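# Remarks on the overall topology
The lines below spell out each chain.
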Amino acid sequence: MRLYENIHTETTEDVIQKLKTSAKDGLSDTEAKARLTEYGPKELEEGAKKPAWKMLLGQFMETMVVILIIAAIISGFLGKEIETIAIAAIVVLFAILGFVQEYRAEKAMAALKQLAVPFVRVIRDGVTREISARLLVPGDIIVLEAGNILPADVRFIETISLKIQEAALTGEADPVDKRSHAIGKADTALGDRFNMAYMGTTITMGRGKAVVVRTGMNTEIGTIANLIQDVQKGKTPLQNKLDQLGKWLAIAGGVAAILILVVGLLRGESLADMFLVGISVAVAVI
């Protein structure tokens with residue numbers, strides 16, 4: 001279970017008590033430093049990145065591309081310049097398209113990091129101050145108003161005509177009304193938890209006060225970041241079909257070359273001539 005799960009079902013008084021904070025005074029500096037040590041800075045952690053050159057090199061390891069490269073080399077030796085140029089162009093295009101697709105996928109984590117905000121207004125020791133959002137910890141009381149981007153997952157303890165745009169997380173196009181009272185059902189959908197707000201969403205109207213319940217990789221955005229980085233990188237159905245097609249083309253080309261070679265030899269043609277013809281037919285099939 002994640003940190004402070006189902007906190008949307010509890011009253012504001014219970015939430016404040018559970019997080020051992022104060023709605024009026026917030027955390028003390030001493031307690032905030034202790035919690036920062038316990039929970040760590042409020043950051044989305046990025047896994048090991050694959051270098052761009054490895055992504056590009058990987059495109060030339062695909063079955064279809066390898067077959068096309070072999071075909072281009074053979075065409076070059078046979079003096080077929082047009083075929084060589086055409087096949088080489090296809091290989092380059094194939095590699096570029098594959099690289100662009102993989103590179104964009106690698107940039108998904110960077111896009112999530114852009115949702116982070118640099119500073120936030122927080123109440124500590126009874127004083128409202130502006131601090132680096134990296135220093136937020138569960139139990140901090142933050143002050144929010146229109147235009148703010150949420151720096152963490154929070155539970156509202158006070159709202160005044162508050163609306164939040166949650167499209168970045170839930171896909172809901174219209175701003176959602178937020179209130180502070182408890183929700184009865186624990187299994188309420190994320191987009192219907194009107195007393196909660198999530199990192200990366202934007203306040204479009206009103207103001208409020210909220211207690212931080214989750215930061216960094218424990219937030220909903222952090223969960224998405226984990227899913228992106230933990231997903232097993234496999235081939236798409238199209239890539240699998242292209243690999244299968246490449247293998248069948250290689251087999252068809254090989255069979256055609258052998259048949260041409262055998263038929264030519266039976267007709268009395270020279271082995272060298274029929275070998276070149278057979279190779280040309282295999283390349284043509286591919």
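Residues numbered from 1 in each chain as written. Predicted model: local features only at pLDDT ≥ 70, side-chain atom pairs only at ≥ 80, totals over all residues. Heavy atoms only, no water.

### A closer look at the environment of Gly-208
- Its place among the elements puts Gly-208 in strand β7 (residues 202-214).
- Classification of Gly-208 by relative accessible area gives buried; the value is 8%.
- Taking the C-alpha atoms as reference points, Gly-208 and Thr-159, separated by 49 residues in sequence, lie 4.2 Å from one another.
- Setting aside residues no more than four positions away along its own chain, Gly-208 makes contact with Ile-142, Val-143, Leu-144, Glu-158, Thr-159 and Leu-162. (Helix = DSSP H or I, 4+ residues; strand = E, 2+ residues; numbered from the N terminus. Buried < 20%, exposed > 50% of the residue type's maximum accessible area, 1.4 Å probe, protein only. Contact = heavy atoms within 4.5 Å.)

### What to know about unusual backbone geometry
- Although it is not a glycine, Lys-20 sits at a positive phi angle of roughly 50 degrees.
- Mapping Lys-20 onto the fold places it in the loop between α1 (12-18) and α2 (29-39).
- For Lys-20, a relative accessible area of 68% gives the class exposed.

### A word on the nonpolar core
- Counting 17 residues, the largest nonpolar core has Leu-136, Ile-142, Leu-144, Leu-150, Val-154 and Phe-156 as the members making the most contacts within it.
- At four residues, strand β4 (residues 153-165) tops the list of elements feeding residues into this core.
- Setting aside chain neighbours within four positions, we find Leu-144 in contact with Leu-150, Phe-156, Ile-203, Arg-207, Gly-208 and Ala-210.
- The next biggest cluster of nonpolar side chains, apart from the first, holds 16 residues, and it includes Ile-7, Ile-16, Met-196 and Val-213. (Core = buried A, V, L, I, M, F, W, Y, C linked by side-chain atoms within 4.5 Å.)

### So, the pairing of strand β2 (residues 127-132)
- As paired elements, strand β1 (residues 119-124) and β2 share six bridges and run antiparallel to each other. Following the sheet pairing, Arg-121 is matched in β2 by Glu-130.
- Following β1, the chain reverses through two residues before pairing antiparallel with β2; Asp-125 in that reversal takes a positive phi of roughly 55 degrees. (Pairing = 2+ DSSP bridges.)

### Things to note about helix α4 (residues 63-77)
- Its 15 residues give α4 an end-to-end C-alpha distance of 22 Å, which sits within 8% of 21 Å, the value for a rise of 1.5 Å per residue.
- Among all positions of α4, only Met-64, Val-65, Ile-67, Leu-68, Ala-71, Ala-72 and Ser-75 are buried. On an axial view of α4, the arc spanned by its buried residues comes to 160 degrees, and they lie on one face.
- Phi for Gly-79, located one or two positions after α4, is positive at around 80 degrees. (Expected span 1.5 Å × (residues − 1). Arc of directions from axis to C-beta.)

### Looking at the confidence of the model for the protein
- Chain-level statistics for the protein give a pLDDT mean of 81 and a share of 86% at 70 or above.
- The secondary-structure element of the protein with the lowest mean pLDDT is helix α6 (residues 108-113), recorded at 58, while strand β3 (residues 141-145) shows the highest, at 94. (pLDDT = per-residue confidence, 0-100.)

### Regarding the packing of aromatic side chains
- For the structure on display, the rule yields zero aromatic pairs.
- A cation over a ring is seen here: Arg-179 above Phe-194, with NZ or CZ 4.2 Å from the ring centre. (Phe/Tyr/Trp six-rings, centres within 6.5 Å; stacked < 30°, edge-to-face > 60°. Lys NZ or Arg CZ within 6 Å of the ring centre and 35° of its normal.)

### Things to note about the side chain of Asn-195
- By the element assignment, Asn-195 lies in the loop between β5 (176-177) and β6 (196-197).
- Assessed through its relative accessible area of 0%, Asn-195 is described here as buried.
- A distance of 2.8 Å separates a polar side-chain atom of Asn-195 from the backbone oxygen of His-8. (Polar contact = N/O pair within 3.5 Å; in protein donor to acceptor, adjacent residues only side chain to side chain.)

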